[in-house]
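Residues per chain, in single letters:
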Amino acid sequence: ERCIAHIDTFLARAKGSVALNVRILRVPNIFQASIWRAARDIIGSVCRSCTIHVEAFDVSTSCVPEIAACLEQSTPRLEVLSVHYRVDPPRRAIWTLPRAQNLRKVVWTTDDAYFQWPGTETFPLVREISISITGFEEVDLEIAQIFTRCPNLAALDLDVDHPFASPTQMESLSLRRVHLQGDLASSISALRLPNLEKAEIDNIAEDDLDILFSGPLATASSLTVGNGIAIDIELVRALVHCPELQHLCLDADGEGEIQELFEIMSQPLDGTTTWICPRLRSVHIRDLRLSPAGDLFQKIMVFATNRTRPSSDNDAFVEPLQRLEHIYFEPPLSRHTSIPLDYGWVNTALEALGLSTALIRVDTFSIA
């Protein structure tokens, strides 16, 4: 009771916005009702930034009604909302986002807990949304509504493990960066992002690569291909849909079939004058192990040569081709030492072609 009295006094005297972090790692406890009552009052009055983090195991309660009471209200000062919710056994829940006209950023990381939009409200100030939902068998239209509810969204991080319903056509003129993971290619195949600059993908099924690159990622100028995606012929074929791509970063995870990537991108496609990614300016390959006498190194040199000094007597070289400017190979850590392998000999060969071998930072957009 003394704590509640102090919080009531604090709310009455607060002159500015505050940040609130509610962290529940063990429920139930004797203070739970008081904690959530205080959180609800703070979020609904002076809260500018709110983080709700619930992670509990082998318990009989899941905080579902308490979180609902905190979120489903008017929050006049709220700008940043972050919800992290994992309980075991899982508790299915659907919470309504707060009515927060000043909301700028949403982070939603949950198991079996989903959100819905309040009424018909839009959130014109929202610039960043990060959503990671696992275990939800049927995700409805709420995710697709992101693009209509948040007309000025600039960055979207989306990771769902089940397809969700979507309209036949979606478009976002404001979106500049996307990070996509999981089983969502079919759900966003009709999404058009004409002003997309930077794309990152992880754990995407091989069969979905062509869907993504021919659809929402077709206009990206920077692409990072991360974990769970093979660097092979299927990826190369998908990249044919990305004529605007300028910066490419790949996680090689060993040699694998990456040789095919360099071989195919070293010349126009068979029987055509079309180059894959003709505007490519920089390549960054991570976790790549090279040897001077290996076939992979030779294919890299052919790729670098043809992308910097195309033969003048090659009749197939008709289409305008951007000259490659940067190429950086990030070696894996040595098995015997924490010092990275020395690739000075690689850099010397590439620099002889006029290429920069330094690591460059590709930030093609910023969020105000």
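First, a word on scope: everything that follows refers to the structure included in this document. (Residues numbered from 1 in each chain as written. Predicted model: local features only at pLDDT ≥ 70, side-chain atom pairs only at ≥ 80, totals over all residues. Heavy atoms only, no water.)

## Quick look at the pairing of strand S14 (residues 247-251)
At step 1: Counting buried positions over the five residues of S14 gives five, a clear majority of the element.
At step 2: Burial of the side chains of S14 extends over both faces: His247, Cys249 and Asp251 are buried on one face and Leu248 and Leu250 on the other.
At step 3: With four bridges connecting them, strand S13 (residues 222-225) and S14 associate as parallel partners. If you follow Ser222 over to S14, its bridge partner there is His247.
At step 4: In this view, the connection linking S13 to its parallel neighbour S14 by way of helix H6 (residues 233-239) has right-handed handedness.
At step 5: Bridge count for S14 against strand S15 (residues 282-286) is five bridges, and the pairing is parallel. Residue pairing across strands places Asp251 opposite Arg286, the latter belonging to S15. (Buried < 20%, exposed > 50% of the residue type's maximum accessible area, 1.4 Å probe, protein only. Helix = DSSP H or I, 4+ residues; strand = E, 2+ residues; numbered from the N terminus. Pairing = 2+ DSSP bridges. Right-handed = clockwise from strand over helix to strand, strands pointing away.)

## Examining a nonpolar patch on the surface
At step 1: On the surface, a nonpolar cluster with roughly 340 Å² of combined accessible area is contributed by Ile30, Phe31 and Ile35.
At step 2: Within the secondary structure, Phe31 sits in the loop between strand S1 (18-24) and helix H2 (32-43). (Patch = residues over 30% accessible without salt bridge, like charges linked within 9 Å, V, L, I, M, F, W, Y side chains within 5 Å. Areas by Shrake-Rupley, 256 points an atom, 1.4 Å probe, with all protein chains shown as cover. Salt bridge = Lys/Arg side-chain N within 4 Å of Asp/Glu carboxyl O.)

## Describing the sheet that holds S13
At step 1: Spatially, the 12 strands line up as an open sheet ordered S1-S2-S3-S5-S7-S8-S10-S12-S13-S14-S15-S16, and their pairing is parallel. The open sheet terminates on both sides in strands that have one partner only, identified here as S1 and strand S16 (326-330). When strand polarity is set aside, the average angle formed by the axes of neighbouring strands in this sheet is 5°.
At step 2: Sitting on the sheet, helix H3 (residues 64-71) is in contact with strand S2 (47-57), strand S3 (80-88) and strand S5 (105-111), with an inclination near 170° to S2. (Axes fitted to C-alpha atoms, helices over the stretch in contact; angles between N-to-C directions. Contact = heavy atoms within 4.5 Å.)

## Structural notes on the side chain of Ser266
At step 1: Position of Ser266 among the secondary structure elements: in the loop between helix H7 (258-264) and S15.
At step 2: A relative accessible area of 4% means that Ser266 is categorised as buried.
At step 3: Side-chain polar atoms of Ser266 contact the backbone nitrogen of Phe303, separated by 3.4 Å.
At step 4: Ignoring anything within four residues of it in the chain, the contact list for Ser266 reads Trp275, Lys299, Val302, Phe303 and Asn306. (Polar contact = N/O pair within 3.5 Å; in protein donor to acceptor, adjacent residues only side chain to side chain.)

## A word on the packing of helix H8 (residues 295-308) against helix H9 (residues 344-351)
At step 1: At a minimum axis distance of 10 Å, the contact between H8 and H9 shows a crossing angle of 25°. Here H9 runs roughly parallel to H8, going by the angle between their axes. With respect to the hand of their crossing, H8 and H9 are arranged in right-handed fashion. In this structure, H8 uses Phe297, Met301 and Ala304 to contact H9, whose residues at the interface are Trp345, Val346, Ala349 and Leu350.
At step 2: Split into classes, the residues belonging to the contact of H8 with H9 amount to seven nonpolar, no polar and no charged. (Parallel < 35°, antiparallel > 145°, perpendicular 65-115°, else oblique. Left-handed = near helix turned anticlockwise from the far one by under 90°. Nonpolar A, V, L, I, M, F, W, Y, C, P; charged D, E, K, R; others polar.)

## Description of the nonpolar core
At step 1: Counting 107 residues, the largest nonpolar core has Trp36, Trp95, Phe213, Leu239 and Phe329 as its most contacted members.
At step 2: Of all the elements, H8 adds the most residues to this core, at six residues.
At step 3: Apart from the residues within four sequence positions on either side, Phe329 is in contact with Phe262, Ile285, Leu288, Leu290, Ile300, Tyr343, Val346 and Leu350. (Core = buried A, V, L, I, M, F, W, Y, C linked by side-chain atoms within 4.5 Å.)

## Let's talk about the packing of aromatic side chains
At step 1: This structure, assessed with the given rule, holds nine aromatic pairs.
At step 2: Aromatic side chains Phe262 and Phe303 sit 5.2 Å apart centroid to centroid with 70° between the ring planes, which places their arrangement in the edge-to-face category. One end of the pair, Phe262, is in helix H7; the other, Phe303, is in helix H8, and 41 residues separate them in sequence.
At step 3: Residue Phe303 is classed as buried on the basis of its relative accessible area, which comes to 1%.
At step 4: Each member of the aromatic cluster is reached from another via a ring pair, and the members are Tyr85, Trp95, Trp108, Tyr114, Phe115, Trp117 and Phe123. (Phe/Tyr/Trp six-rings, centres within 6.5 Å; stacked < 30°, edge-to-face > 60°.)

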